[in-house]
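# Report on the structure
Here is what each chain is made of, one letter per residue.
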Amino acid sequence: MNLTLYHLACVTRPQIFRLMDVVLKDLVGTNCYIYLNDLILFSKTAEEHVEKLERVLDRFEGANLQLHPGKCAIAQPKLRYLGYVLSGGVSASSDKVDAVKVSPTPVTRRTLGHC
């Protein structure tokens, strides 16, 4: 399964975050996901991607929400987001995994963060 991803970053105030939730309510979870002012759109085919993108953009236009073109990544086969890699599934970003691998092995409760 090859997912195409679309990441939108909106330049907005915090009140707009809630508006995005309301505007895209029935699309979240099936067509897209929202985290604060980021929107990720996912699909299995290019045709499906265009259909979902049109639905989302129509909703944004109807609510007078604007996107920052410089922060949009369109039709990406792989996306790094919040420490994860999204590409036909979800995996931890390699730089995050590498950071854990090079961390020293804890030997006391204090090094585990327990006081």
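Residues numbered from 1 in each chain as written. Predicted model: local features only at pLDDT ≥ 70, side-chain atom pairs only at ≥ 80, totals over all residues. Heavy atoms only, no water.

## Thoughts on the overall build of the protein
Spelled out, the test is: For helices the rule is a DSSP run of H or I covering at least 4 residues; for strands it is a run of E covering at least 2, with both sets numbered from the N terminus onward. Think of it in three bands: residues with accessible area under 20% of the maximum for their type are buried, residues over 50% are exposed, and the middle band is partly exposed, with areas taken using a 1.4 Å probe on protein chains only. The criterion used for residue contact is that any of the two residues' heavy atoms lie within 4.5 Å. Per-residue and other accessible areas follow the Shrake-Rupley method at a 1.4 Å probe size, with only the shown protein chains counted as cover for residues.
Within the protein, the secondary structure is distributed over three helices and seven strands. Split into buried and exposed, the 115 residues of the protein put 29% on the buried side. When contacts within the protein are restricted to residue pairs at least 6 apart in sequence, long-range pairs at least 24 apart make up 59% of them. Put simply, the protein shows about 8,000 Å² of open surface, and 56% of that area lies on carbon and sulfur atoms.

## Quick word on the side chain of Asn31
Note the cut-off: A 3.5 Å cut-off defines polar contacts: any pair of N or O atoms within that distance qualifies, except that in protein one atom must be a possible hydrogen donor and the other a possible acceptor, and neighbouring residues in sequence count only when both atoms are side-chain atoms.
In this fold, Asn31 is placed in the loop between helix H1 (14-23) and strand E2 (32-35). A distance of 2.6 Å separates a polar atom in the side chain of Asn31 from a polar atom in the side chain of Arg55. Apart from the residues within four sequence positions on either side, Asn31 is in contact with Ile40, Leu41, Phe42, Lys52 and Arg55.

## Describing a nonpolar patch on the surface
How we decide: For patch building, the residue pool is restricted to those with more than 30% relative accessible area and no salt bridge; the joining distance is 9 Å between like charges and 5 Å between nonpolar side chains (Val, Leu, Ile, Met, Phe, Trp, Tyr). Think of a salt bridge as a Lys or Arg side-chain nitrogen and an Asp or Glu carboxyl oxygen that are within 4 Å of each other.
Side chains of Tyr35, Leu36, Leu82, Tyr84 and Val90 sit close together on the surface and give an oily, nonpolar patch of about 550 Å² of accessible area. Secondary-structure assignment places Tyr84 in strand E6 (residues 84-86). Take Tyr84: its relative accessible area is 43%, and that puts it in the partly exposed class.

## Considering the nonpolar core
We count it as follows: Each nonpolar core is a collection of buried residues, namely Ala, Val, Leu, Ile, Met, Phe, Trp, Tyr and Cys, held together in the definition by side-chain atoms within 4.5 Å.
Judged by nonpolar contacts, the single largest core of 13 residues is most densely connected at Met20, Leu24, Cys32, Leu39, Val56 and Phe60. Elements supplying a minimum of two residues to this core: H1, E2, strand E3 (38-43) and helix H2 (46-62).

## Remarks on the confidence of the model for the protein
Counted only if it meets this: pLDDT measures how confident the predictor is about each residue, on a scale from 0 to 100.
When pLDDT is averaged along the protein, the result is 78, and 84% of the positions lie at 70 or above. No element of the protein has a lower mean pLDDT than strand E1 (residues 4-9), which averages 51, and none a higher one than H2, which averages 90. Every residue in residues 1-6 scores below 50 in pLDDT, and together they form 37 contacts with partners more than four places removed in sequence or on other chains.

## Concerning the sheet that holds strand E7 (residues 90-92)
Hydrogen bonds between backbone atoms are what pair the strands of a sheet, whose relative direction is either parallel or antiparallel. Rule in force here: Strand pairing is defined by DSSP finding a minimum of two bridges between the two strands. Orientation is described by lines fitted to C-alpha atoms, with helices fitted over the stretch in contact, and by angles between N-to-C directions that extend from 0 to 180 degrees.
Spatial ordering of the open sheet is given by E5-E6-E7, a layout of three strands whose pairing is antiparallel. Each of the sheet's edge strands pairs with one partner strand only, and the pair in question is strand E5 (79-81) and E7. Neighbour to neighbour, the strand axes of the sheet diverge by 30 degrees on average, direction disregarded. Pairing between E5 and E6: three bridges, direction antiparallel. By the bridge assignment, Arg80 is partnered in E6 with Val85.

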